[in-house]
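This is what each chain is made of:
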Amino acid sequence: MEGRLALELASTIRHDGSGGVADDLTTVQGTTRWIREQAGLLDGVVPAGFEADEELRRRVTGVRRAVRALFARAVSPAPASPADARALMPVEEALAHLNAAAALESVAPQLDWPPGGTPTVRLRPGEGDAAVRLVAALARAAIEFLTGPDREQLRACTAPRCVRYFVKGHGRQEWCRPSCGNRARAARHYRSRHTVTDGGPGS
């Protein structure tokens, strides 16, 4: 299970392209679509053709709320994503929620040692309800992310209107994607021109 699944979950809150914020998990249909899109990261946690219901949607968004609160803590003292900066779950509540979700399903270590290869271990979930497996897997992915090296490189994108978190790939990266960088530079240029026009510095 890759810790980046936590980043994908957090990114279900995103800029809608029109100056607002979109939530991919607002509906059961959207939640089902997102779960199916994560099949590669979920590695068989849910069966093909899996359908979410309203209860699962609420549980997934609960994990997401905890994840985004802890992401905000991880990027501090830099600003959190503006999407929910004023309504973050308290950190202690977020920790308790994430740990409880991760504990919903028992897992057992499984040794894999291919001929001529190196032994590795992976956690194998127990047999159980697919919805429970999913919620627990999302929580464990968040724990893996927040205790791994990517946490130190986590940033909230500073581009105008962007609400995404991203993992910084190189030393000078400020934005989650090139389009955000273009928008940020355009906004800076606009502000500098209007400062001059309005009689500010340089006029």
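So, here is what we can say about the structure in this document. These figures come from a predicted structure and were not determined experimentally. For every chain, the first residue of the written sequence is number 1, and numbering continues from 1 along that sequence. Thresholds applied to this predicted model are a pLDDT of at least 70 for local features of residues and 80 or more for the giving and counting of side-chain atom pairs; totals over whole chains, interfaces and linings are not thresholded and use all residues. In computing side-chain values, all of the structure's heavy atoms are included and hydrogens and water are not.

**Let's talk about the environment of Ala-159**
Next, step 1: Counting from the N terminus, the helices are the DSSP runs of H or I reaching at least four residues and the strands are the DSSP runs of E reaching at least two. Within the element layout of this structure, Ala-159 appears in the loop between β5 (154-156) and β6 (165-167).
Next, step 2: Spatially, the C-alpha atom of Ala-159 lies 5.4 Å from that of Cys-180, the residues being 21 residues apart in sequence.

**Brief notes about the packing of aromatic side chains**
Next, step 1: Pairing of aromatic rings covers Phe, Tyr and Trp, the last through its six-membered ring, and needs centres within 6.5 Å; plane angles under 30 degrees mean stacked, over 60 mean edge-to-face, and all others mean tilted. For the structure on display, the rule yields two aromatic pairs.
Next, step 2: The interplanar angle of 40° and the centroid separation of 5.2 Å between the aromatic rings of Phe-71 and Phe-145 together place this pair among those described as tilted. With Phe-71 in helix α4 (residues 54-75) and Phe-145 in helix α6 (residues 130-146), the pair connects residues that are 74 residues apart, well separated along the chain.
Next, step 3: Judged by relative accessible area, Phe-145 falls into the buried class, the value being 2%.
Next, step 4: Aromatic side chains Phe-71 and Tyr-165 sit 5.5 Å apart centroid to centroid with 75° between the ring planes, which places their arrangement in the edge-to-face category. One end of the pair, Phe-71, is in helix α4; the other, Tyr-165, is in strand β6, with 94 residues separating them in the sequence. Across the pair, exposure class does not vary: Phe-71 and Tyr-165 are buried alike.
Next, step 5: An aromatic cluster is built from Phe-71, Phe-145 and Tyr-165, whose rings are joined through pairwise contacts. Only protein chains enter the calculation, and the probe is 1.4 Å; a residue is then buried if its accessible area is under 20% of its type maximum, exposed if over 50%, and partly exposed in between.

**Quick word on the packing of α4 against α6**
Next, step 1: Fitted lines through C-alpha atoms give the axes, limited to the stretch in contact for helices. The angle between two N-to-C directions lies from 0 to 180 degrees. The geometry of α4 relative to α6 is characterised by a closest axis approach of 10 Å and an angle of 5° between their N-to-C directions. With respect to α6, the element α4 is oriented roughly parallel. Packed against α4, whose contacting residues are Leu-56, Arg-59, Val-60, Val-63, Val-67, Leu-70 and Phe-71, the element α6 presents Ala-131, Val-132, Leu-134, Val-135, Leu-138, Ala-139, Ala-142, Phe-145 and Leu-146 at the interface.
Next, step 2: Each residue is assigned to one class: nonpolar for Ala, Val, Leu, Ile, Met, Phe, Trp, Tyr, Cys and Pro, charged for Asp, Glu, Lys and Arg, and polar for all the others, Gly among them. Residue composition of the contact of α4 with α6, by class: 15 nonpolar, no polar and one charged. Oblique is the label for any angle not covered by the other classes, which are roughly parallel (under 35 degrees), roughly antiparallel (over 145) and roughly perpendicular (65 to 115). The contact definition used throughout considers only heavy atoms, calling two residues in contact when any of these lie within 4.5 Å.

Limitation: the analysis is restricted to geometry and does not speak to function.
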